[in-house]
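Spelled out from the first residue to the last, the chains are:
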Amino acid sequence: MRVLIVFCHPSEQSFGAALFAKARCALLDAGHEVQVIDLYREGFDPVLSPEDWHAYLSDTDSLIARVQGHVDALRRAEALVMIFPTWMYGPPALLKGWMERVWLPGVAFEVPQGKTKRAQGLLTSIRSFTVVTTSGSPWWWLRLIRDPGRSMLTRGYRVLFHPRCRVRWLQLHDMNHATERERQRFLARVERTLTRV
C-alpha cells in the first residue's frame, strides 16, 4: 500500500521519535511504499491567515496551490498513519493547523449543500487510518471526559475516508510514569499493528 506517515513532535530524542522510527521500519519491512511528512523538521506553517480565511471558499484553489505537495501526498495515500503526543486532550496545534490548511474543501471534503447536512468525504482512497499517540493522562480520566482527541479523529474525520476504512487507535497512557518495560511493550505493539496495515 501507499502509506503516508504524518509525524508531529518537536524532539528528535523523544519517545515519540522512537515510535515514528519503529512505525516507519515496520511499514517498510512489510513491503509498503512509505512517504513521510515530518511537520516540525519541515517547519510547516500551521496558521490560517486572515487572507486564507477570506479565500477559503471563494478561491480554494489558491490555498491548495500553497500546500500542493501535502495535498498530493494526502490524495495519493491508501493508508494514513499519524504519530503525535496528546497535549491538552488533543493533537498538537501544529498537527491541527496542518489539517486546517491541507484538508481543504475539494481535497478532503465537499462543503454541505444545506442546513443539517454533513460534509461528504473525498479521501476515499484511504482504507486504513492508524493513530499512534501518548498521553500523560490515565485511561480512566480520558474515558470519563469522553476522550475528545480520539473522538475528533476516529469519529469526526473518519467519515472523510473510504466507507470501509479500518481505524486503529494505539495510545500509551500515563506516559510521565511509564516504565521502560511498558514503553518497550508499546513499541512492540506498534510494530505488530503496522505490519498488518
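See the structure above.
The text that follows walks through the structure, step by step, so that each part is easy to find. (Residues numbered from 1 in each chain as written. Predicted model: local features only at pLDDT ≥ 70, side-chain atom pairs only at ≥ 80, totals over all residues. Heavy atoms only, no water.)

Secondary structure assignment for the protein chain yields nine helices and seven strands. By the compact-globule yardstick of 16 Å for 197 residues, the protein chain fits well, its C-alpha radius of gyration being 17 Å. When the backbone C-alpha atoms are referred to their principal axes, the protein chain occupies close to 55 × 40 × 35 Å. Across the 197 residues that make up the protein chain, the buried fraction comes to 47%. Once local pairs closer than 6 in sequence are excluded, the contacts in the protein chain between residues at least 24 apart make up 78%. With the model as given, the accessible surface of the protein chain reaches about 10,600 Å², and the carbon-plus-sulfur share is 51%. Of note, the protein chain has its 27 positive side-chain charges centred 11 Å away from the centre of its 19 negative side-chain charges. (Helix = DSSP H or I, 4+ residues; strand = E, 2+ residues; numbered from the N terminus. Rg over C-alpha atoms; globule rule 2.2 N^0.38 Å. Buried < 20%, exposed > 50% of the residue type's maximum accessible area, 1.4 Å probe, protein only. Contact = heavy atoms within 4.5 Å. Areas by Shrake-Rupley, 256 points an atom, 1.4 Å probe, with all protein chains shown as cover. Lys, Arg positive; Asp, Glu negative; His and termini not counted. Charge placed at Lys NZ, Arg CZ, Asp CG, Glu CD.)

Where nonpolar side chains cluster on the molecular surface, the patch consists of Tyr-89, Trp-139, Trp-140, Trp-141 and Leu-144 and spans about 580 Å² of accessible area. Its relative accessible area of 49% is what places Trp-139 among the partly exposed residues. (Patch = residues over 30% accessible without salt bridge, like charges linked within 9 Å, V, L, I, M, F, W, Y side chains within 5 Å. Salt bridge = Lys/Arg side-chain N within 4 Å of Asp/Glu carboxyl O.)

This paragraph deals with the environment of His-54. Position of His-54 among the secondary structure elements: in helix α3 (residues 50-55). Residue classification places His-54 among the exposed positions, given a relative accessible area of 57%. With 127 residues separating them in the primary sequence, His-54 and Arg-181 have C-alpha atoms 50 Å apart.

With the rule as written, the count across this model stands at three cavities of 30 Å³ or more. Each pocket or cavity is described by its volume, and for the largest cavity that value is around 50 Å³. Mapped by element, the contributors of at least two residues to the lining of the largest cavity are α8 (148-156) and β7 (166-172). Of all the elements, α8 adds the most residues to the lining of the largest cavity, at three residues. Here the lining of the largest cavity is built from residues that sort into six nonpolar, four polar and two charged. (1 Å grid on protein atoms, 1.4 Å probe; cavity = no way out; pocket = protein on both sides within 12 Å on 5 of 7 lines; lining within 4 Å. Points joined across faces, edges and corners; volume = space filled by probe spheres on them. Nonpolar A, V, L, I, M, F, W, Y, C, P; charged D, E, K, R; others polar.)

Position of Thr-60 relative to the elements: it lies in helix α4 (residues 60-66). Looking at Thr-60, the relative accessible area reads 12%, which means it is buried.

All told, the structure shown has six salt bridges when counted by the stated rule. Close ionic contact of Arg-2 with Glu-78 constitutes a salt bridge, the shortest N to O distance being 3.7 Å. In this pair, Arg-2 sits in strand β1 (residues 2-7) while Glu-78 sits in the loop between α5 (68-76) and β3 (79-85), placing the two residues 76 residues apart along the sequence. Judged by relative accessible area, Glu-78 falls into the partly exposed class, the value being 24%. Between Arg-183 and Glu-180 there is a salt bridge, with its nearest N and O atoms 2.9 Å apart. Here Arg-183 pairs with Glu-180, and both are found in helix α9 (residues 180-194), just three residues apart, close to one helical turn. For Arg-183, a relative accessible area of 22% puts it in the partly exposed group.

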